[in-house]
Amino acid sequence: MGRVTIRRRPRPQWPRRLTAVLAAGAVIYVVAATAASTDLASAWRALEEQNGLALGLLRGQLEGAWSGGALPVRAAMAIGQSPLLLSGREEVLELWRTEEEDDTGGDAVPPEDEDQETERRTPEEPAVPIPEEPGEAETPLLFADNGVQARTLSPASPEGYVVTGDVYINNRSDNSFDRSLFDGSFAARLSEEEGPKVLILHTHGSEAYTMPPGQEYESSGDCRTTDPAFNVVRVGDELARTLEDAGIGVVHDDTLHDYPEYSGAYGRSLTAAERIMEEHPSISLVLDVHRDAISDADGSPYKVVSNVAGVNAAQMSFIIGTDGGGLEHPEWRENLKLAAAVQQKLADSFPTLMRPISVRNSRYNQHVSPGALLVEMGAAGNSLDEALLSARLLGEAIAQVMAEVP
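Residues numbered from 1 in each chain as written. Predicted model: local features only at pLDDT ≥ 70, side-chain atom pairs only at ≥ 80, totals over all residues. Heavy atoms only, no water.

## A look at the overall build of the protein
Looking only at helices and strands, the protein has ten helices and 13 strands in total. The buried share of the protein, taken over its 406 residues, is 51%. Accessible surface for the protein amounts to roughly 18800 Å². Of this, 48% is attributable to carbon and sulfur atoms. (Helix = DSSP H or I, 4+ residues; strand = E, 2+ residues; numbered from the N terminus. Buried < 20%, exposed > 50% of the residue type's maximum accessible area, 1.4 Å probe, protein only. Areas by Shrake-Rupley, 256 points an atom, 1.4 Å probe, with all protein chains shown as cover.)

Structure follows, in structure tokens:
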């Protein structure tokens, strides 16, 4: 664990003249395609709707932007001509990266290179205790504010969602379902075999948070670090601790599957999951722990929070993969039903702690188990302490839901 083997593949070099011509054409076409858009999301959709040509040109301009996080001159040229895309340049790059991962469907063959090892710090005691009386307000803040603007995101109406109980589901996949799917049942069960029951891993383990002044970490990218005391690996530690306190054994894979190479992370995490599940056939639940990245129309990041007895907890969201992208995933509905059950359990005590479940075409390796979930623990703008509190709340909810299975 904690070791990643990478082989870098050389990129083809395009003739300079052809690149210049394509760059000029891309600038004109991207600007035209996004001219009528009012926000970054609509601009991205406009690119997708141009029969793929505008999006393809933008992808071509972004080629080579993987290392260092900075956009190359060609990309800056194309994006810089569209104010909307310029304001969200990091989000545009992340969108492309995400789609690149989606296209692999988690089946990419991981490259290999020299071994990389990250020092593993021993987790400290939980920074934030769970308030004993969730309904009580004005509890003093128990951790430092990181200064990022906070928002609580909740649906304004049920329009556009599938709603079951207090759970809102945003179906962004090509599959259809309605509330009748949610009858309270799901296939996931804790195995009766001896051994650990839960696997926690991190496809994008270097994802990190915005720390308060004086608590900064050594960065490996934009809100990313290889230090497991500050990235989502630390959040996985807290989730594992909570499940173990409830008597549920856990294997926590702390490997950074997205470092030093981001592309192919889902392929590497799938290999790890299959290996660990073969070693421990008692594993029933697989939890892939991430954090989101959210910005406003001006490109300014903000954090998503829920008030828990006067304390900010990071809002969470489940991402559920399907077979909509063409990859085999026959039990995706069981993953969705489990997510809805856990989310309802949390909503009973903390109504705004969970954002709507997002159902998508990509499967995110969730075909490995009917009890596989991907969870976003807050966003880049949240503090680590806010995410740790949410991890404890999530762990308790999962333990309660599984204990109630007949």
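## So, the environment of Thr203
As for its position among the elements, Thr203 is in the loop between β6 (198-201) and α7 (232-245). Taking relative accessible area as the criterion, Thr203 reaches 0% and is therefore assigned buried. Between the C-alpha atoms of Thr203 and Leu256, which are 53 residues apart in sequence, the distance is 7.2 Å. Not counting residues up to four positions away in its chain, the partners in contact with Thr203 are His257, Asp258, Ala265, Tyr266, Ser269, Asp288 and His290. There is a polar contact of 2.9 Å between the side chain of Thr203 and the side chain of Ser269. A polar side-chain atom of Thr203 sits 2.6 Å from a polar atom in the side chain of Asp288. (Contact = heavy atoms within 4.5 Å. Polar contact = N/O pair within 3.5 Å; in protein donor to acceptor, adjacent residues only side chain to side chain.)

## Remarks on the nonpolar core
Core analysis: the largest hydrophobic core is formed by 63 residues, its most contacted members being Leu336, Leu346, Ile357 and Leu394. Ranked by the residues each element gives to this core, the list is headed by helix α10 (residues 384-403), at twelve residues. With eleven residues, the next largest nonpolar core counts Val251, Ala273, Val368 and Ala372 among its residues. (Core = buried A, V, L, I, M, F, W, Y, C linked by side-chain atoms within 4.5 Å.)

## Remarks on the side chain of Thr164
For Thr164, the position within the fold is in strand β4 (residues 162-164). Every residue in contact with Thr164, bar those within four places of it in the chain, is listed here: Ile169, Phe182 and Gln344.

## Here's the deal with the pattern of salt bridges
Enumeration according to the criterion identifies eleven salt bridges in this entry. A salt bridge links Asp258 to Arg224; its shortest N-O distance comes to 3.2 Å. One end of the pair, Asp258, is in the loop between β7 (250-252) and α8 (265-279); the other, Arg224, is in the loop between β6 and α7, with 34 residues separating them in the sequence. For Arg224, a relative accessible area of 11% corresponds to the buried category. We note a salt bridge from Asp292 to Arg355, for which the minimum N-O separation is 3.2 Å. Residue Asp292 is located in strand β8 (residues 285-292), and its partner Arg355 is located in the loop between α9 (332-349) and β12 (357-360); the two are separated by 63 residues in the primary sequence. For the pair formed by Asp292 and Arg355, the shared burial category is buried. (Salt bridge = Lys/Arg side-chain N within 4 Å of Asp/Glu carboxyl O.)

## Details of the sheet that holds strand β10 (residues 311-314)
With respect to topology, three strands assemble into an open sheet ordered β3-β9-β10, the strand pairing being mixed. Where the open sheet ends on each side, the last strands, each with one partner, are β3 (150-151) and β10. Bridge analysis of β3 against strand β9 (residues 303-308) gives two bridges, and the strand direction is parallel. Bridge assignment links Ala150 to a residue of β9, and that residue is Lys303. Strands β9 and β10 of the sheet are contacted by α10, whose axis makes an angle of about 75° with β10. (Pairing = 2+ DSSP bridges. Axes fitted to C-alpha atoms, helices over the stretch in contact; angles between N-to-C directions.)

## Some points on the pairing of β10
In this structure, β9 lies alongside β10, joined through four bridges in antiparallel fashion. Paired with Val308 across the two strands is Val311, which belongs to β10. Between β9 and β10, which follow one another and run antiparallel, lie two residues, and Ala309 among them has a positive phi close to 55°.

## Let's talk about the confidence of the model for the protein
The predicted model of the protein has a mean per-residue pLDDT of 79, with 65% of residues at 70 or higher. Contacts from residues 61-90, a stretch scored under 50 in pLDDT, to residues over four places away or in other chains number 68 contacts. (pLDDT = per-residue confidence, 0-100.)

## Remarks on empty space enclosed by the protein
Following the criterion strictly, the structure yields one cavity of 30 Å³ or more and no others. Estimated volume of the largest cavity: approximately 100 Å³. Together, 14 residues line the largest cavity, and Leu201, Val286, Asp288, Tyr364 and Asn365 are the ones closest to its centre. Elements with a minimum of two residues in the lining of the largest cavity: α8, β8 and β13 (372-379). Each residue belonging to the lining of the largest cavity can be placed in one class, and the counts come to nine nonpolar, four polar and one charged. (1 Å grid on protein atoms, 1.4 Å probe; cavity = no way out; pocket = protein on both sides within 12 Å on 5 of 7 lines; lining within 4 Å. Points joined across faces, edges and corners; volume = space filled by probe spheres on them. Nonpolar A, V, L, I, M, F, W, Y, C, P; charged D, E, K, R; others polar.)

## Describing the packing of aromatic side chains
To describe a pair of aromatic rings, one takes the distance between the centres and the angle between the planes. Summed over the entire model, instances satisfying the criterion amount to five aromatic pairs. Taking 6.3 Å as the distance between ring centres and 80° as the angle between the ring planes, the aromatic pair formed by Phe177 and Phe182 counts as edge-to-face. A residue is classified by how much of its surface remains accessible, and Phe177, at 14% relative accessible area, is buried. Linked through ring pairs, Phe177, Phe182 and Trp332 together constitute an aromatic cluster. Its guanidinium or amino end placed over the ring of Tyr302, Arg151 lies 4.1 Å from that ring's centre, counting from NZ or CZ. (Phe/Tyr/Trp six-rings, centres within 6.5 Å; stacked < 30°, edge-to-face > 60°. Lys NZ or Arg CZ within 6 Å of the ring centre and 35° of its normal.)

## Some points on the packing of α7 against α10
Between α7 and α10, the least distance of the axes is 8 Å, while the angle of their chain directions is 30°. Crossing angle aside, the handedness with which α7 passes α10 is right-handed. From α7, Arg234, Val235, Glu238, Leu239, Thr242 and Leu243 reach across to α10, where they touch Leu384, Ala387, Leu388, Ala391, Arg392, Leu394, Gly395, Glu396, Ile398 and Ala399. Here the residues of the contact of α7 with α10 sort into ten nonpolar, two polar and four charged. (Left-handed = near helix turned anticlockwise from the far one by under 90°.)

## Some remarks on the sheet that holds β8
If you walk across this open sheet you meet the eight strands as β4-β5-β12-β11-β13-β8-β6-β7, and the pairing is mixed. The two strands at the open ends of the sheet, each matched to only one other strand, are β4 and β7. Shown here is a sheet whose adjacent strand axes are inclined to one another by a mean of 25°, direction ignored. In the sheet, β6 pairs with β7 via three bridges, with the strands oriented parallel. Its bridge partner lying in β7, Ile200 is registered against His252. Lying on the sheet, α8 is in contact with β6, β7, β8 and β13; it crosses β6 at an angle near 155°.

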